[in-house]
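Structure at a glance
Spelled out, the chains give:
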Amino acid sequence: MIAEFLKEWSYLAVFVLAALPWVESAFVVVLGIAMLDLNPVATTIMAFLGNWVTVLLVIFLFDRWNAWRNKRSGGGESKRSQRAYRLFVRYGLPGLAFLGPILIGTEIAAGFAMLFKAPRGPVLFWMTCSLAFWTILFAAAAAYGVDLFGLTRMNQSFGA
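Residues numbered from 1 in each chain as written. Predicted model: local features only at pLDDT ≥ 70, side-chain atom pairs only at ≥ 80, totals over all residues. Heavy atoms only, no water.

1. Regarding the packing of aromatic side chains
- Tallying each qualifying case throughout the model produces nine aromatic pairs.
- With a centroid separation of 5.4 Å and an interplanar angle of 80 degrees, the aromatic rings of Phe 88 and Phe 116 are classed as edge-to-face. A residue pair is termed long-range when its members are at least 10 positions apart, and Phe 88 in helix H4 (residues 79-103) and Phe 116 in the loop between helix H5 (106-115) and helix H6 (120-148) qualify at 28 residues.
- A relative accessible area of 17% places Phe 88 in the buried class. (Phe/Tyr/Trp six-rings, centres within 6.5 Å; stacked < 30°, edge-to-face > 60°. Helix = DSSP H or I, 4+ residues; strand = E, 2+ residues; numbered from the N terminus. Buried < 20%, exposed > 50% of the residue type's maximum accessible area, 1.4 Å probe, protein only.)

The following block contains the structure:
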């Protein structure tokens, strides 16, 4: 009975750990599935949601900050900087979103995208797609990798 109770709270722990900055959902999902023997689907959903909430917070806070900054500065830009901005939003934003979680972290990648004044909608779309991709990829690797190679999970190796 106590083990079931602790296992139920483990999913909340997965959510909270994934919501912490610099702790990626890809790491947390592997920890939950391979080490703690949690349900792969529930663990994946909770890890994704935990990290996604933090990314949402970063995007919306930076959006408010950008609006405040634009109001104070007046916002006159050259044609060259406008072209660079359009190129970044079209090509650089998807690359930053998909490589960011692995190289620099999801929250930092979202922060960089917003710092470069990318629109909130595309940043949210690309970061959500990237986060879902990496979380599902690592969850599948943890779930099938452990079963495929016959590796024992942490609690099974101690005879529990």
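2. Description of the UniProt feature "transmembrane region" (unreviewed entry) in the protein chain
- UniProt records the feature "transmembrane region" (unreviewed entry) at residues 12-35, 41-62, 88-112 and 124-146, using the numbering of this structure.
- Measuring from the first to the last C-alpha atom of residues 88-112 gives 12 Å, for a span that is 92% helix and 0% strand. (UniProt positions renumbered as here; feature names shortened; annotations may be inferred.)

3. Describing the packing of helix H2 (residues 25-35) against helix H3 (residues 40-73)
- Running from N to C, H2 and H3 cross one another at 155 degrees; their axes reach a closest spacing of 9 Å. Taken together, the axes of H2 and H3 lie roughly antiparallel to each other. Seen from above, H2 lies across H3 with right-handed handedness. In contact with Ser 25, Val 28, Val 29, Gly 32 and Ile 33 of H2, H3 contributes Pro 40, Thr 43, Thr 44, Ala 47, Phe 48 and Asn 51.
- Along the lines of polarity and charge, the residues of the contact of H2 with H3 split into six nonpolar, five polar and no charged. (Axes fitted to C-alpha atoms, helices over the stretch in contact; angles between N-to-C directions. Parallel < 35°, antiparallel > 145°, perpendicular 65-115°, else oblique. Left-handed = near helix turned anticlockwise from the far one by under 90°. Contact = heavy atoms within 4.5 Å. Nonpolar A, V, L, I, M, F, W, Y, C, P; charged D, E, K, R; others polar.)

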